[in-house]
Amino acid sequence: MDVNAVRKEFPILDQEINGHPLVYLDSSATAQKPLKVIEAVNEYYRFNNSNVHRGVHTLGSRATDQYEGAREKVRRFINAKSTAEVIFNRGTTTGINTIAYSYARNHLTEGDEIVLTQMEHHSNIIPWQQVAKATGASLKYIPLQSDGTATLEDVRNTVTENTKILAIAHVSNVLGTINPIKEMAKIAHDHGAVIVVDGAQGAPHTKVDVQDMDCDFYTFSGHKMCAPTGIGVLYGKRELLEKMEPFEFGGEMIDFVNLYDSTWKELPWKFEGGTPIIAGAIGLGAAIDFLNDVGIEAIEEHEHNLIGYAMERMNTVEDLTIYGPEKRAALVTFNLADVHSHDLSTVLDSEGVAIRAGHHCAQPLMKWLEVVATARASFYLYNNKEDVDRLVDGLLKAKEYFGDVF
Amino acid sequence: MSFNNLDTLYRQVIMDHYKNPRNKGTIDGDAITVEMNNPSCGDRIEVYLSVKDGIVEDVKFDGEGCSISLASASMMTQAIKGKKLTEALKMSEVFSEMMLGKDVDAGEIDLDDIEALHGVSKFPARINCATLAWKALEKSAKEENV
């Protein structure tokens, strides 16, 4: 993979921040967008904008073809059996809430268990807390090892015959832990439970094959994989989705409407009430084309090399605490001595380096780490070794700047 | 290597309050206690306010956060202790305007160390850090029914 050629596709990277060339290390929060995506959205609004699945006119057909074409691109990207299993929505949070409302609330009762880990993002905790309150089911957490991994043995010890749902992140947004979804899915299935995978940090960075992993639900956000904000995907096995009632009711998702009752469209449209996120879906299609052109395996290899270099360089910085396992995705969460991550982030920003600071929507995990907040640098296909060097230089400057204080 | 830009934010007096916080701790007894979080970053400040005959008899703060939020809390307690609660709230208003980058007319109010936080207005992402303790003060004043 030629990272310099890739960087040229991202116009936003070509600018100065506070007098320094921008180094963007916050892709786990949201990724930057390549020209191809920006142009696809632009072209749709300039030439093809129309509502889908209704107008008989030419623009309506173009919009519908592009929207459904994007669905087929997603299907291939995650290797789903059918486009009926690919639901467009607003993102990972909406995906998990759809499962919580339409599946869990109707299938769980008192005595049932929902199993999570303490590394989950808030969006994979709170919907389940609400399900537990509504149904009387209980929440159980798989304990974490000191390096922030969950062992299969601990999964086996936590999942029981009463477990109905195992909800877990493909990749932790804080620790970078990569969970063995295929093996975890097998444990869930052996106990008659379904597995719900939060793929927000997985799909953008690694090959996802929902059939090979045998996951029941897999949900992710477009904006973390170079697509516009506001578009996401919920994958679900057809037999499960068929059994589920829609999450939102209204236009677009109906078959026949009578005064006192109505019937729903078939999959996937019964879960897409209202005018869908057409431009977003088309943008996601373009993002998938872009990622495929570069090659998801090539991206994975590039990120692997980059995080290896980052760990090597960062390990030389004194008083830097790094959290998470050795084998990790392309992100690193850390604290520098007693400098609060906000202060650290402000210093790095003054050097043109954008990182994330705070609790990363993972307050239970912050408690487990026994920290108030952390800093996080996350990498994507457009980052290079120079970005890592600039980060390390920034850290050393922050040390110097706060050196007298802390 | 120059840090001029940063120095407008991290003034020496701020770092002094951060390192040596004034009025840090808790008040036992019938003080009003208010806890405020900054949900986007996890900063947490508790303010303890003891008011008698409209005067802030004692005020303390506790919590965890960045240098700006903790220094601001320390300065806030120093500034309002012994003052009328109404005056403390006026100070809070003036502080909010200062964070919006407005030229503030504090009138007879002596802003003292708080003036040093003026530079925060140039760092929009950090304004919520600086206002956290003041928001807690306003909330506790409401409980005092002023």
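Residues numbered from 1 in each chain as written. Chains lettered and ligands numbered in written order. Predicted model: local features only at pLDDT ≥ 70, side-chain atom pairs only at ≥ 80, totals over all residues.

**Examining the overall build of chain B**
Looking only at helices and strands, one finds five helices and three strands in chain B. Its helices and strands in sequence order give chain B the pattern α-α-β-β-β-α-α-α, from N to C terminus. The C-alpha atoms of chain B give a radius of gyration of 15 Å, which matches the 15 Å a tight globule of 146 residues would have. Counting only C-alpha atoms and orienting by the principal axes, one finds that chain B spans roughly 50 × 35 × 25 Å. Counting every position in chain B, which comprises 146 residues, the buried fraction comes to 40%. (Helix = DSSP H or I, 4+ residues; strand = E, 2+ residues; numbered from the N terminus. Rg over C-alpha atoms; globule rule 2.2 N^0.38 Å. Buried ≥ 20, exposed ≤ 12 C-beta atoms within 10 Å, placed from the backbone.)

**Notes on the sheet that holds strand β13 (residues 320–323) of chain A**
All names here are of chain A. Across the sheet, four strands lie side by side as β13-β14-β17-β16; this open sheet has antiparallel pairing. At either margin of the open sheet sits one strand with a lone partner, and together these are β13 and β16 (356–358). Each strand axis lies, on average, 30° off the axis of its neighbour in the sheet, ignoring direction. Of the strand pairs in this sheet, β16 and strand β17 (residues 374–378) are connected by three bridges, and their pairing is antiparallel. Across the sheet, the residue bridging to A357 is A375, located in β17. Strands in contact with helix α12 (residues 341–350) are β14 (331–336), β16 and β17; relative to β16, the strand with the most contacts, it is inclined by about 160°. (Pairing = 2+ DSSP bridges. Axes fitted to C-alpha atoms, helices over the stretch in contact; angles between N-to-C directions. Contact = placed C-beta atoms within 7 Å.)

**As for the confidence of the model for chain B**
Caution is warranted with low-pLDDT regions, since their predicted coordinates should not be read in detail. Here chain B shows a mean pLDDT of 89. Residues at 70 or above account for 95%. Our summary of model confidence lists the complex with pTM equal to 0.93 and ipTM equal to 0.84. (pLDDT = per-residue confidence, 0-100.)

**Details of unusual backbone geometry**
Residue and element names in this part refer to chain A. At the junction of L267 and P268, the peptide bond is cis and its omega measures out at 0° in the coordinates. In this structure, P268 sits in the loop between β12 (262–264) and α10 (278–294). A positive phi is found at N79, a non-glycine position, where the angle reads about 55°. Taking the number of C-beta atoms within 10 Å as the measure of exposure, N79 has 14 and is therefore partly exposed. Positive phi, close to 60°, is recorded for D214, a residue that is not glycine. Mapped onto the fold, D214 is located in the loop between α8 (210–213) and β9 (217–221). For D214, a count of 15 C-beta atoms within 10 Å gives the class partly exposed.

**Comments concerning the pairing of strand β5 (residues 113–117) of chain A**
Residue and element names in this part refer to chain A. By the criterion of burial, β5 is predominantly enclosed, with five of the five residues buried. With burial as the criterion, each face of β5 is covered, one bearing E113, V115 and T117 and the other bearing I114 and L116. Bridge count for β5 against strand β6 (residues 138–142) is five bridges, and the pairing is parallel. What sits directly across from E113, in β6, is S138. Note that the unit made of β5, helix α5 (residues 126–135) and β6 has a crossover that is right-handed. By the bridge criterion, three bridges tie β5 to strand β7 (residues 163–169) in an arrangement that is parallel. Bridged to E113 within β7 is T163. (Right-handed = clockwise from strand over helix to strand, strands pointing away.)

**Quick word on the packing of helix α2 (residues 35–48) of chain A against α10 of chain A**
Two packed helices can be described by the angle between their axes and the distance between those axes. Residues and elements named next belong to chain A. Between α2 and α10, the least distance of the axes is 8 Å, while the angle of their chain directions is 145°. Pair α2 / α10 crosses with right-handed handedness. Contact residues: K36, V37, A40, V41, Y44 and Y45 in α2; A279, I282, G283, A286, A287, D289 and F290 in α10. When the residues that make up the contact of α2 with α10 are grouped by side-chain class, the tally is ten nonpolar, one polar and two charged. (Left-handed = near helix turned anticlockwise from the far one by under 90°. Nonpolar A, V, L, I, M, F, W, Y, C, P; charged D, E, K, R; others polar.)

**Some words on the interface of chain A and chain B**
Across the contact, 17 residues belong to chain A and 17 residues belong to chain B. Mapped by element, the contributors of at least two residues to the side of chain A that touches chain B are α12, β16, α13 (363–369) and α14 (385–402) of chain A. If you tally residues by element for the side of chain A that touches chain B, the top one is α12 of chain A, at five residues. Per-class residue counts for the side of chain A that touches chain B are seven nonpolar, eight polar and two charged.

**Here's the deal with helix α2 (residues 12–19) of chain B**
Residues and elements named next belong to chain B. Within α2, burial applies to I14, H17 and Y18. For α2, the angular spread of the buried residues around the axis is 105°, confining them to a single face. In this structure, the buried side of α2 is in contact with α3 (67–80). (Arc of directions from axis to C-beta.)

**Here's the deal with the nonpolar core**
Ranked by internal contacts, the top residues of the largest apolar core, which has 162 residues, are L166 and A287 of chain A together with A133 of chain B. Considering every element that reaches this core, the biggest residue donor is α10 of chain A, with eleven residues. Looking at this core, you find at least three residues from each of domain 1 (3–29 + 295–402) and domain 2 (38–292) of chain A. Ignoring anything within four residues of it in the chain, the contact list for A287 of chain A reads V37, G222, M225, C226 and A227 of chain A. (Core = buried A, V, L, I, M, F, W, Y, C linked by C-beta atoms within 7 Å. Domains from an automatic or database assignment.)

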